[in-house]
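As a plain string of letters, each chain reads:
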Amino acid sequence: MSIYVGNLSYEVTQDDIMNVFTEYGTVKRVQIPTDRETGRKRGFAFVEMASEAEESAAIEALDGAEWMDRTLKVNKAKPREQRGGRGGDNRGGGGGDRNRFSRRY
């Protein structure tokens, strides 16, 4: 299991996050996602700790806390949702496999 940490400063580093979370237990991993196009940090991170008890203690202590002039959002990370294949571009084409030119008005 891992922890989602949101509303982070774009200046935050893995070491910064590690230092905060080690107060609540052993940090196994810190991941700060970046934008594929720009390489810029996206303002959130995932922290994996050694036990669920440590994760719970960190969540309870840090959710809503002020850090680096930001109010943190800290909770258990949710599994990533599967993205659909075809037709997921939301351009109003009427669905993935339908031929948009065969509609009758």
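Residues numbered from 1 in each chain as written. Predicted model: local features only at pLDDT ≥ 70, side-chain atom pairs only at ≥ 80, totals over all residues. Heavy atoms only, no water.

**Regarding the overall build of the chain**
For clarity, the cut-off: Runs of H or I in DSSP of at least four residues are treated as helices and runs of E of at least two as strands, each being numbered from the N terminus. Think of it in three bands: residues with accessible area under 20% of the maximum for their type are buried, residues over 50% are exposed, and the middle band is partly exposed, with areas taken using a 1.4 Å probe on protein chains only. Note on contacts: a residue pair qualifies if any of its non-hydrogen atoms lie within 4.5 Å across the two residues.
A tally of regular secondary structure across the chain gives 2 helices and 6 strands. Sequence-ordered secondary structure for the chain, helices as α and strands as β, is β-α-β-β-α-β-β-β. Across the 105 residues of the chain, 27% fall into the buried class. By sequence separation, contacts in the chain at least 24 residues apart represent 57% of the contacts at least 6 residues apart.

**Side note on the sheet that holds strand β6 (residues 73-76)**
As a reminder, the rule being used: Strand pairing is assigned whenever DSSP detects at least two bridges linking the two strands. The convention used is that axes are lines fitted to C-alpha atoms, helices contributing only their stretch in contact, and that angles between N-to-C directions extend from 0 to 180 degrees.
Strand order in this open sheet of 4 strands is β2-β3-β1-β6, and the pairing throughout is antiparallel. Edge positions in the sheet fall to β2 (27-31) and β6, since each of these pairs with one other strand and no more. Within the sheet, the average angular offset between the axes of one strand and its neighbour, ignoring direction, is 20°. Pairing of strand β1 (residues 3-6) with strand β3 (residues 44-49), which is carried by 4 bridges, proceeds in the antiparallel orientation. The residue of β3 that forms the bridge with G6 is F44. Most of the contacts of helix α1 (residues 14-21) go to β2, to which it runs at about 145°, and overall it touches β1, β2, β3 and β6.

**Details of the pattern of salt bridges**
Here is the rule we go by: Take a side-chain nitrogen of Lys or Arg and a carboxyl oxygen of Asp or Glu: if they are within 4 Å of each other, that pair is a salt bridge.
As enumerated under the stated definition, the model contains 3 salt bridges in all. Residues K28 and E48 are paired through a salt bridge, measuring 3.6 Å at the closest nitrogen-oxygen approach. With K28 in strand β2 and E48 in strand β3, this residue pair connects regions lying 20 residues apart in the sequence. Judged by its relative accessible area of 54%, K28 is exposed. The closest approach of N and O atoms between E48 and R29, which form a salt bridge, is 3.7 Å. Of this pair, E48 sits in strand β3 while R29 is found in strand β2, placing the two residues 19 residues apart along the sequence. For E48, a relative accessible area of 22% corresponds to the partly exposed category. The exposure class assigned to R29 is partly exposed, which follows from its relative accessible area of 45%.

**Some details on the side chain of S2**
Considering the arrangement of structural elements, one finds S2 in the segment before β1. Residues in contact with S2, not counting those within four places in the same chain, are F46, V47, E48, E55, K76 and A77.

By themselves, these figures tell us nothing about what the structure is for.
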